[in-house]
Amino acid sequence: MSAPEPAVPAPRSPLAGVATTGRYGAAGGTPLAIAEIPAAIVQLAARRGRAGDLARAVSGAFGLDLPPPGRAASARGIDAIWIQPDAWLLLAPRGAEGALAAEVKRAAGDAGSVVDQSHGKTLMSLAGAAARRVMAKGCRLDLDAPAFGPGRAAVTQIAQIGCVVHQRDAIPTYGLVVPSSLAIPFFEWLTSSAAEFGYEVG
Amino acid sequence: MHLIDCPWCGPRDEAEFAYRGDATVTRPAPDAGIDAFYDYVFTRANPRGWHVEWWHHAAGCRQHVKVVRHTMTHAIAATGRATDILEVPAA
Ligand SMILES: [Zn+2]
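Residues numbered from 1 in each chain as written. Chains lettered and ligands numbered in written order. Predicted model: local features only at pLDDT ≥ 70, side-chain atom pairs only at ≥ 80, totals over all residues. Heavy atoms only, no water.

Below, the discussion takes up the packing of aromatic side chains. Residue and element names in this part refer to chain B. Inspection of the entire model under this criterion finds five aromatic pairs over all chains. With centroids separated by 6.3 Å and ring planes inclined at 90°, the aromatic side chains of F37 and Y40 adopt a geometry described as edge-to-face. Taken together, the residues span about one helical turn, with F37 and Y40 both in helix α1 (residues 34-42) at a distance of three residues. (Phe/Tyr/Trp six-rings, centres within 6.5 Å; stacked < 30°, edge-to-face > 60°. Helix = DSSP H or I, 4+ residues; strand = E, 2+ residues; numbered from the N terminus.)

Attention now moves to unusual backbone geometry. Residues apart from glycine generally show negative phi values, whereas peptide bonds are mostly found in trans. Look at the link from A:A145 to A:P146: it is a cis peptide, with omega at 0°. Looking at the secondary structure, you find A:P146 in the loop between α3 (131-135) and β9 (153-158). Cis geometry is found at the peptide bond from A:I171 to A:P172, where omega equals 5°. Of note in the backbone geometry, A:Q160 takes a positive phi value of approximately 70° without being a glycine. In this fold, A:Q160 is placed in the loop between β9 and β10 (161-167). A residue is classified by how much of its surface remains accessible, and A:Q160, at 67% relative accessible area, is exposed. Despite not being glycine, B:H74 shows a phi value in the positive range, around 70°. (Buried < 20%, exposed > 50% of the residue type's maximum accessible area, 1.4 Å probe, protein only.)

This next bit is on the interface of chain A and chain B. Chain A puts eleven residues into the contact, and the matching count from chain B is eleven residues. In total, chain A and chain B occlude about 910 Å² of area from one another, counting both sides; carbon and sulfur atoms represent 56% of this. Three residues stand out in chain A for area buried against chain B, namely A:P85, A:R140 and A:V155, and they jointly supply 45% of the buried area on that side. Where chain A packs against chain B, one counts one salt bridge. The residue A:R140 makes a salt bridge to B:D13 at a minimum N-O spacing of 3.4 Å. (Contact = heavy atoms within 4.5 Å. Buried area = accessible area lost by both parts, 1.4 Å probe. Salt bridge = Lys/Arg side-chain N within 4 Å of Asp/Glu carboxyl O.)

Below, the structure written as structure tokens:
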């Protein structure tokens, strides 16, 4: 007889009380948009020799083609970001606790390992015409075309904090995934870097 | 800024990597004896010139990258995956 699954509380925002809605920094012009986005975050890794099986399973279940190195892909509200050989981060709007991980595990079967990172990692976004100039203050990646652009993604380090950078569109809008335990120092780097342009926390 | 060309991630700042030592040493057979294991763990050539070495892309894809680096100029002649055999320049 197996014990019943213990109830897990829903993730709390690691920026609660820190990311306060409002406009900050330089006045005038269109402010940058900074937000914490409640997301379900799941790490998916192919078991040895099963990358092809896993790709077919994920494609069949979610209509999502797992992207190659340096890229992200989206389908049916799920973003997949390549993070290391045969491993991806999957992100979706936050739903029921553990729901995305369970769905991905059901699809992957024994071809992939699934770890729910919804508590461990947090997603922020930075959008606006000056977003690339903000990123340049702490990100060592070349974010200009043709090195980077919409649909591109990278695992790197910003302000000494491990960060997944995903450019979502041409504005540009960046999705930034960082460890929840470092969300506050990262948010402080982000907002102090954006202050000279003016920013709005949503 | 020193760039290392990761076979998976492309050119990345050295700060994302951790140096992991000589990539030419191979583990002796279990019964090779204490001297062989002493050499495997401790004895290094420390050359002035080209050196094949491991750099762990710790803040990126977390793979071990093989790098042919010149120990005096820091020039990098080639990078590759762990199983790649890389060409080492003559001098
Ligand atoms: Zn890499």
